[in-house]
Protein chains: 2
Amino acid sequence: MAQLTFWFEFGSTYSYLSAMRIEELCRVAGLEVSWRPFLLGPIFRAQGWETSPFNIYEAKGRNMWRDTDRRARELGLPPVLKPDPFPQHSLLASRLALIGLEAGWGQDFVRQTYLRQFADGNSIAAPSDLQPVLEGLGVEASACLEAARTDIRIKDLLRKNTEQALEQGLYGAPSFTTSDGELFWGDDRLEKAIAWTLDQQTHAQG
Amino acid sequence: MAQLTFWFEFGSTYSYLSAMRIEELCRVAGLEVSWRPFLLGPIFRAQGWETSPFNIYEAKGRNMWRDTDRRARELGLPPVLKPDPFPQHSLLASRLALIGLEAGWGQDFVRQTYLRQFADGNSIAAPSDLQPVLEGLGVEASACLEAARTDIRIKDLLRKNTEQALEQGLYGAPSFTTSDGELFWGDDRLEKAIAWTLDQQTHAQG
């Protein structure tokens, strides 16, 4: 089964829009999704930014909130709310996602965490923010939170995801990479990334 | 007839992609396009950038060239070539576009100038670059070039376009604005801007 790699950052509004729909889109297309949480912070700092460009460039930020809200409504999602602060620290959520992706509840955790943040406007940075999300999924919240705090393998996995993101030329989220090395950036390129992967598959078979 | 305002900058690759298709898309949708050339230079400088962000941020620039090339092929346009230097100075081309838009040959001039730049990879900055474009359209090249150099009304028009772009919250090109004040940024939002305008029209009539 051909694969599409989905690189997402919990603080990213456009990653939210992709996270809510990628699984269904790829299922219909017959593609497997590899979910890869990573941290934009180090990548932004490498570009000289101490926060999101949507905070640094005011007009760009204003339009981003408007644009994601328009798009969310179009997708049948609730109006987009801005958590305070924006962006939220995403380290803990990213580690929990990695734990969950191995355990089978990762995708649901990602979607529920995004909804908490951008549909409800709540914080996702602290253990107490994510505990109810974990409980809602029926998993052992305190064990997961403890693992996120202490499991060196999980910490390394996230660090490596971020390093690999940089190595593969990622500079924003969401991004989509294909097995033949093509990079697509932005929620608005999700359909293009799927179409590209299907085309490659056809060529490989033909 | 409902109107969509198309803000474009000659140095912008994504503006090129929109310029090549907006007229036909809007004709089918029953919308009139108001073509507004403006200069991104002053807007970028206001954000602290001395050149295009595609030059400042290397990974972002690399993906932009790849992305626009993929998209150009999809639209049946030639492979995208990078002029040297990039971005090209767009002052002269913008003034000529304004002259042409009043005289009736402006849209053709815009498209031919973009093709010269991004399909052929040629310069568009100097009078000698644009003279063949004007001649190809059958207009009096030397009179137009002289007007672009001296006509204070045309110079003011371009300055006002750029000021209005800033006032309306534009921060990149292409951008599309609607009569009810909605702003869409990016070639990938052209269809959304058209759909928004049609929706507004329906509501106004209903």
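Residues numbered from 1 in each chain as written. Chains lettered and ligands numbered in written order. Predicted model: local features only at pLDDT ≥ 70, side-chain atom pairs only at ≥ 80, totals over all residues. Heavy atoms only, no water.

A look at the interface of chain A and chain B
At the interface, 23 residues of chain A touch 23 residues of chain B. Carbon and sulfur atoms supply 44% of the area buried between chain A and chain B, which totals about 2,100 Å² over both sides. It is Tyr57, Arg70 and Tyr171 of chain A in chain A that bury the most area against chain B; as a group they hold 24% of the surface buried on that side. Counting the contacts that link chain A with chain B gives 10 salt bridges. We note a salt bridge from glutamate 74 of chain A to lysine 192 of chain B, for which the minimum N-O separation is 2.8 Å. Inspection of the chain A/chain B interface yields 18 residue pairs in polar contact (both at pLDDT 80 or more). Elements that contribute at least two residues to the side of chain A that touches chain B include exactly helix H5 (58-74), strand S4 (183-185) and helix H11 (190-205) of chain A. When residues of the side of chain A that touches chain B are assigned to their parent elements, the largest contribution, nine residues, is made by H5 of chain A. Per-class residue counts for the side of chain A that touches chain B are nine nonpolar, three polar and 11 charged. (Contact = heavy atoms within 4.5 Å. Buried area = accessible area lost by both parts, 1.4 Å probe. Salt bridge = Lys/Arg side-chain N within 4 Å of Asp/Glu carboxyl O. Polar contact = N/O pair within 3.5 Å; in protein donor to acceptor, adjacent residues only side chain to side chain. Helix = DSSP H or I, 4+ residues; strand = E, 2+ residues; numbered from the N terminus. Nonpolar A, V, L, I, M, F, W, Y, C, P; charged D, E, K, R; others polar.)

Remarks on the pairing of strand S3 (residues 175-178) of chain B
Consecutive side chains of a regular strand alternate in pointing toward one face of the sheet and then the other. All names here are of chain B. Burial along S3 is two-sided: Ser175 and Thr177 facing one way and Phe176 and Thr178 facing the other are all buried. Two strands pair when backbone bridges link them, and strand S1 (residues 3-8) and S3 are joined in this way by four bridges, in the antiparallel orientation. Across the sheet, residue phenylalanine 6 finds its bridge partner in S3, namely phenylalanine 176. As consecutive antiparallel partners, S3 and strand S4 (residues 183-185) are separated by four residues, and within that stretch glycine 181 has a phi angle of approximately 85°, a positive value. (Buried < 20%, exposed > 50% of the residue type's maximum accessible area, 1.4 Å probe, protein only. Pairing = 2+ DSSP bridges.)

Here we look at the confidence of the model for chain A
In the predicted model, chain A carries a mean pLDDT of 96, and 100% of its residues have values of at least 70. Taken over the whole predicted complex, pTM reads 0.96, whereas the ipTM for its chain interfaces reads 0.93. (pLDDT = per-residue confidence, 0-100.)

Some thoughts on the sheet that holds S3 of chain B
Residues and elements named next belong to chain B. Read from one edge to the other, the open sheet built from four strands follows the order S2-S1-S3-S4, with strand pairing classed as mixed. Each edge of the open sheet is held by one strand with a lone partner, namely strand S2 (32-37) and S4. In this sheet, neighbouring strand axes are inclined to one another by 20° on average, regardless of whether the strands run parallel or antiparallel. The sheet contacts of helix H2 (residues 22-29) involve S1, S2 and S3, and relative to S2 the element is tilted by about 155°. (Axes fitted to C-alpha atoms, helices over the stretch in contact; angles between N-to-C directions.)

Observations regarding the relation of the copies chain A and chain B
Superposing chain A onto chain B requires a rotation of 180° together with a translation of 0.0 Å along the rotation axis, leaving an RMSD of 0.0 Å. Those values place the two copies in the arrangement expected of a two-fold rotation axis. Looking at the rotation axis and the C-alpha trace of chain A, the residue lying nearest is aspartate 188 of chain A, at 3.6 Å. Comparing interface residues between copies, 100% of those in chain A also lie at the interface in chain B; the contact surface is shared. (Least-squares fit on C-alpha atoms with pLDDT ≥ 70 in both.)

Here we look at unusual backbone geometry
Of note, the bond from alanine 173 of chain A into proline 174 of chain A is cis; its omega dihedral lies within 30 degrees of zero at 0°. As for its position among the elements, proline 174 of chain A is in the loop between helix H10 (152-167) and strand S3 (175-178).

With respect to the packing of aromatic side chains
Residues and elements named next belong to chain A. Summed over all chains, the structure comprises 40 aromatic pairs over all chains. Where phenylalanine 8 meets phenylalanine 10, the ring centres are 5.7 Å apart and the plane angle is 80°; that geometry is what we call edge-to-face. You'll find phenylalanine 8 and phenylalanine 10 in the same group, each marked buried. Ring plane angle 65° and centroid distance 5.2 Å describe the contact between phenylalanine 44 and tryptophan 49, whose orientation is recorded as edge-to-face. (Phe/Tyr/Trp six-rings, centres within 6.5 Å; stacked < 30°, edge-to-face > 60°.)

Side note on the sheet that holds strand S1 (residues 3-8) of chain A
Residues and elements named next belong to chain A. One open sheet holds the four strands; their spatial order is S2-S1-S3-S4, and the pairing between them is mixed. Two strands in the sheet have a free side with no partner beyond their single neighbour: strand S2 (32-37) and S4. Adjacent strand axes in the sheet meet at a mean angle of 20°, parallel and antiparallel pairs treated alike. Docked against the sheet, helix H2 (residues 22-29) engages S1, S2 and S3, running at close to 155° with respect to S2.

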